[in-house]
Structures are given as C-alpha cells and as structure tokens.
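# Architecture at a glance
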Amino acid sequence: MNHFDSRNGALCAEDVPLEKIAHEVGTPTYVYSSATLNRHLSVVRDAFGTVPHVLCYSVKANSTLGVLKLVVKHGSGFDIVSGGELARVLEAGGDPKRIVFSGVGKREDEMVAALRAGILMFNVESAEELALLDRVGRRAKKKAPFSLRVNPDVDPRTHKYIATGLKSSKFGVPFEEAVALYRASRKMKGLQAMGVDCHIGSQLTDAKPFAQALSRVAGLYTTLKAEGFPLTHLDVGGGLGVTYTDEKPPGLAAYSQVVVDSTRHTGATVVLEPGRVIVANAGVLITRVLFNKKTKTKHFLIVDAGMNDLMRPALYEAHHDIVAVKPRRGAKTTVEIVGPVCESTDVLGKARSVPPLVAGDLLAIKTAGAYGMSMASTYNSRPRPAEVLVDGKRWRVIRKREALQDLWRGETP
Ligand code: LLP
C-alpha cells in the first residue's frame, strides 16, 4: 500500500501533485511519502507485537537524513554497515542503543566509533574481524557486544547479485565453524557474546528460505545457550521482498508468523533489519521527457534521469513501473525509456507501453524509494537528484539538488 494516487488525471504524492513539485524543484527528483513510510514502520512493528523485538531499519536502503529522522520519530532503530551510516544515524538523532552494525569489512576506526557511541551490537562476519573487535574492546576497556553472522547455506531464490546466504557467498561465518568461534570468544576479554545473526539475501518473495535459515540459526542459538552463553538477541536480518511487477512476496503477517514460529522457543529478543519493505513503495523518481527518437527498429523515449540516478535497472535488470504523471489521451505505443548516460545499459524501462508523450512531459518511476538515491552517483558528471518529503498537503526539500560546484568539491586542479 502506498500514497501515490491519481487525482483528476494527475499523479499525486499524498495531497501534492507531482507536477507542482517538478515545477518548483526541477527534475530528476525523488519524492517520498511520509504516510507510506510511517505506515510501513507501524505494520512491521505491529506484526511483531506479540514478541520482544527491536526494529532496526536498514540504512543502506535509503540513508537520507529526512528519512532517517522519520524512523527516529517512529521510535525505531537502525542496521548500519559503515562509519558513514553510523554518523548519519547519530546526526538524525538515532538512539545508539538501537543500532546494529553489520558488514564484512568493518575498519578499526569504524569499530572504535561504534563502540564509543554505545551501539546495541556488532554483527561479526569472520574470525579475523572477531579478533580485531576484541582488541578494540580491550583497548577501550569495554566488552564489545557481538553476534556472529552465520551463513546458513540456504538458497534465497532471488537475483544472484543480492543473494547472501549461500555457502559460496562472502557473507557470514560458515555455519559449521560458528560454535568453535563462540567458544574461542570466551577467552577474549574485549568481547561479550549477545546473540546470533543471519541475513540470507534481499527481495525474497518466498517464505521458505527464511524458515529454513531461521530454524538452523535458532538451533545454534539454543545450543549456545545450553553451553552457558548469556545470549539475548536473535537477529533475523532483512530481505522481505516487495512487488515491483507481479511478484507476490509474503505479506508482513505471513512473514512474522514464519519468524515467530521459528524463533519463539528460544525466548530471544528478535532483531529485524528490514530496508526495502519500509521504503521502496514510499518513493518515486520523477523525470522529464527530453526527446522522442525513432530509429528503424526502436522508439526511444529519452528522459532526464539516468542509471546514475537509479542504478537498479542497469545493475540487476530490475523492473520499475513507469507511468505518465498526467497521461494524454491517444493510442499507446511501445518505447524504450532510456537516460542520457553514455552507456548502453542506461535503460530505465524496456519495451514499455505508454500513452503519447512529448518533450517536457513528466514520468514517475515507481517503487524507487529503496536503493535509489542511496546508490546514486555522479557518473557522467551529473549532479545527483533533489529529494522531497511529502506529508499530507505539505512538502519540503530534504536534499537540495547537487550544484555543479559540488561535483568537484575536494578536488585540486
Ligand atoms: N541486513 C543486511 C545485513 C543486509 O545486507 C541487507 C541488505 C539488509 C539487512 C536489508 O535488506 P532488505 O530488507 O532491504 O532486503 N541494492 C540491492 C539490494 C542490496 C541489499 C543489500 N543488503 C537492490 O537494489 O536490490
């Protein structure tokens, strides 16, 4: 469910016509709906209402301060993967006690900053990382709270670039090695084992892989508890998919049922790291048509947003619905919706059936709130888009469009 609907033939974000935003802020611009974001956060929280849990929104999905602030106001926590994300969350007023720090390649300075901030726990992904965290803890005369991210070796049945829980993946500690590492951690004075963690992939549309992974992880948790480890948290990661076209991911009720059924017997506090399911449907990218270009074989619709602004189609051949903000009457034609970037992969929509569109018309690329702006770059020296947050009738720019001077900030000619 989202709050982007047509009113009198014009697409709106809540009560604000997208045309108005485009007129005042220009294009390309990401537009987010607060009502949608708040709703998703509440639905996740309520779905887990019957068990102790910590909701840690996965910052990588959308790390803009205005979005993080909304998560803070909701009372939720954060899943971070870098010192940069830590700094963003703290800047947005996030509660360090509700931060979990994931990622395969944490640097020492990032560990130090997170320990100093007093985060809930580190999700550690290798023996060497555990040894470094121990040193960081001892030096600070603290016990760094940690979980091991274990790799449960299940096939999440998602795009190969966003699958993380297979044996062949760089993520997590091999399942068979986990117990030995926990035992070794007993001798490390700078550490405090707190839980067990896993994350098997993103855009999962089937509940089975979650169930398989969680039953393994819950089993490990129980074994470790029996050995006397004072564990309290079981981190089930993120990964729940959304509908971009015709995918039918499990709803939150079904997902929470799987998580609760697989973990309740452990008595652990469940840590959730959802990203996409919170923000994807809460954002669109608006772009203007620059040109129609017809060749012998194709009709290209060239727009002013490109793969640098929204990388998902180029990187994962991901599908995003693209609609006219104010559709004109007339016969539909099939077009390739492409950006201005000098790469053949800069295709935002392949073979799309669209109403007549002319230069200056606006399009909305839907379900673009997750992994859109957070993955944007300035490739081809294109300033990154502006971002707008709508709340009912009100709206505000939460990130200015980058200026040309921003493109070479820090450079020395
Ligand atoms: N926790 C961990 C440890 C993760 O690695 C991720 C995502 C999440 C949570 C959040 O997963 P979500 O609920 O959003 O599925 N750029 C790709 C997605 C990469 C996901 C990376 N990890 C895309 O645009 O599809």
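Keep in mind it's a predicted model, so treat the numbers as computed, not measured.

### What about the pattern of salt bridges?
Under the criterion given, the structure shown has 19 salt bridges. In this structure, R382 and D309 form a salt bridge, with 2.8 Å as the shortest nitrogen-oxygen distance. Here D309 lies in the loop between β15 (299–303) and α11 (312–316) and R382 lies in the loop between β19 (362–365) and β20 (386–391), a separation of 73 residues in the sequence. The buried category is assigned to R382, whose relative accessible area is 15%. A relative accessible area of 0% means that D309 is categorised as buried.

### A few points about the site of the ligand
Around the ligand, the structure places 19 residues, and the nearest of them are S202, E273, R312, Y316 and Y371. A distance of 2.8 Å is found between an oxygen atom of the ligand and a backbone nitrogen or oxygen belonging to R276. Between an oxygen atom of the ligand and a side-chain N or O atom of Y371, the distance comes to 2.6 Å. Burial of the ligand by the surrounding chains reaches 91%, relative to a free accessible area of 590 Å². Looking at side-chain class alone, the shell around the ligand contains five nonpolar, eight polar and six charged residues. Each of domain 1 (4–32 + 280–408) and domain 2 (103–272) contributes no fewer than three residues to the shell around the ligand.

Criteria and cut-off values
Residues numbered from 1 in each chain as written. Predicted model: local features only at pLDDT ≥ 70, side-chain atom pairs only at ≥ 80, totals over all residues. Heavy atoms only, no water. Salt bridge = Lys/Arg side-chain N within 4 Å of Asp/Glu carboxyl O. Helix = DSSP H or I, 4+ residues; strand = E, 2+ residues; numbered from the N terminus. Buried < 20%, exposed > 50% of the residue type's maximum accessible area, 1.4 Å probe, protein only. Near = heavy atom within 4 Å. Polar contact = N/O pair within 3.5 Å; in protein donor to acceptor, adjacent residues only side chain to side chain. Areas by Shrake-Rupley, 256 points an atom, 1.4 Å probe, with all protein chains shown as cover. Nonpolar A, V, L, I, M, F, W, Y, C, P; charged D, E, K, R; others polar. Domains from an automatic or database assignment.

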